[in-house]
Amino acid sequence: MPSKKFLIITALIVLVFIGLGIWIGSNLRQQNPSGASEYSAVYLSTGDIYYGILFWFPQPRLKNVWFLQRGVDQNNQPQLSIGQLSRAFWGPVDEVYLNPKQIIFWTRLRNDSQVLQAIQNSGSLQPQSQPQVSA
């Protein structure tokens, strides 16, 4: 029968190899330009679409939150843009807790997503127009 010391060393070696495999797998996935990023899109029953890093426990929530803005230009052509939630004039924190009953679907954004590229290059986005609030 193997000694306790041998079993402990064998278990540690197996754990190191498992950890190394997970680390290599996650790095390979991040380098794939069409692979999934850490960002998700969440479509709600209200018709709103939010983007961010999605967490499920203890309830669905997004961090680093962006949202889809719809509008029209001077020629009445539809315009789409994204806005950062934390820059809204009412000053929200950069985290949104979601009602799971309102989530129609969610998906991970690919690394080559135009939305993800806009989020990563957010310094190049036009500042949001802030409505004037009178006291």
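Look above for the structure.
**Quick word on the overall build of the protein**
Piece 1. Within the protein, the secondary structure is distributed over 2 helices and 6 strands.
Piece 2. Here the protein holds 135 residues, and 26% of them are scored as buried.
Piece 3. Considering only intrachain contacts with a sequence separation of at least 6, the fraction spanning at least 24 residues in the protein is 54%.
Piece 4. With the model as given, the accessible surface of the protein reaches about 10100 Å², and the carbon-plus-sulfur share is 59%.

**A word on the pattern of salt bridges**
Opposite charge on two side chains allows them to pair when their charged atoms are near.
Piece 1. The full count for this structure, using the stated rule, is 2 salt bridges.
Piece 2. Taking the shortest distance from any N to any O, the salt bridge between E95 and R61 comes out at 2.8 Å. With E95 in strand β5 (residues 95–97) and R61 in strand β3 (residues 61–72), this pair connects stretches of sequence that are 34 residues apart.
Piece 3. Take E95: its relative accessible area is 25%, and that puts it in the partly exposed class.
Piece 4. One salt bridge connects R110 with D112, and the closest N-O pair in it is separated by 2.7 Å.
Piece 5. Among the residues examined, D112 registers a relative accessible area of 32% and is labelled partly exposed.

**Remarks on unusual backbone geometry**
Piece 1. Omega for the bond connecting F57 with P58 falls within 30 degrees of zero, at 5 degrees, which places this linkage in the cis form.
Piece 2. The phi torsion at N64 lies on the positive side, around 55 degrees, for a residue other than glycine.
Piece 3. Relative to the helices and strands, N64 is located in strand β3.
Piece 4. Of note, the phi angle at N76 is positive, near 60 degrees, even though the residue is not glycine.
Piece 5. Within the secondary structure layout, N76 lies in the loop between β3 and β4 (78–84).

**Some points on the environment of Q79**
Piece 1. Assignment of secondary structure puts Q79 in strand β4.
Piece 2. The spatial distance from the C-alpha of Q79 to the C-alpha of Q69 is 8.2 Å, given a sequence separation of 10 residues.
Piece 3. Leave out the neighbours within four places in its chain, and Q79 touches Q69, R70, G71, V72 and D73.
Piece 4. Reaching out from Q79, the side chain makes a polar contact with the side chain of D73 at a distance of 3.4 Å.

Rules used throughout
Residues numbered from 1 in each chain as written. Predicted model: local features only at pLDDT ≥ 70, side-chain atom pairs only at ≥ 80, totals over all residues. Heavy atoms only, no water. Helix = DSSP H or I, 4+ residues; strand = E, 2+ residues; numbered from the N terminus. Buried < 20%, exposed > 50% of the residue type's maximum accessible area, 1.4 Å probe, protein only. Contact = heavy atoms within 4.5 Å. Areas by Shrake-Rupley, 256 points an atom, 1.4 Å probe, with all protein chains shown as cover. Salt bridge = Lys/Arg side-chain N within 4 Å of Asp/Glu carboxyl O. Polar contact = N/O pair within 3.5 Å; in protein donor to acceptor, adjacent residues only side chain to side chain.

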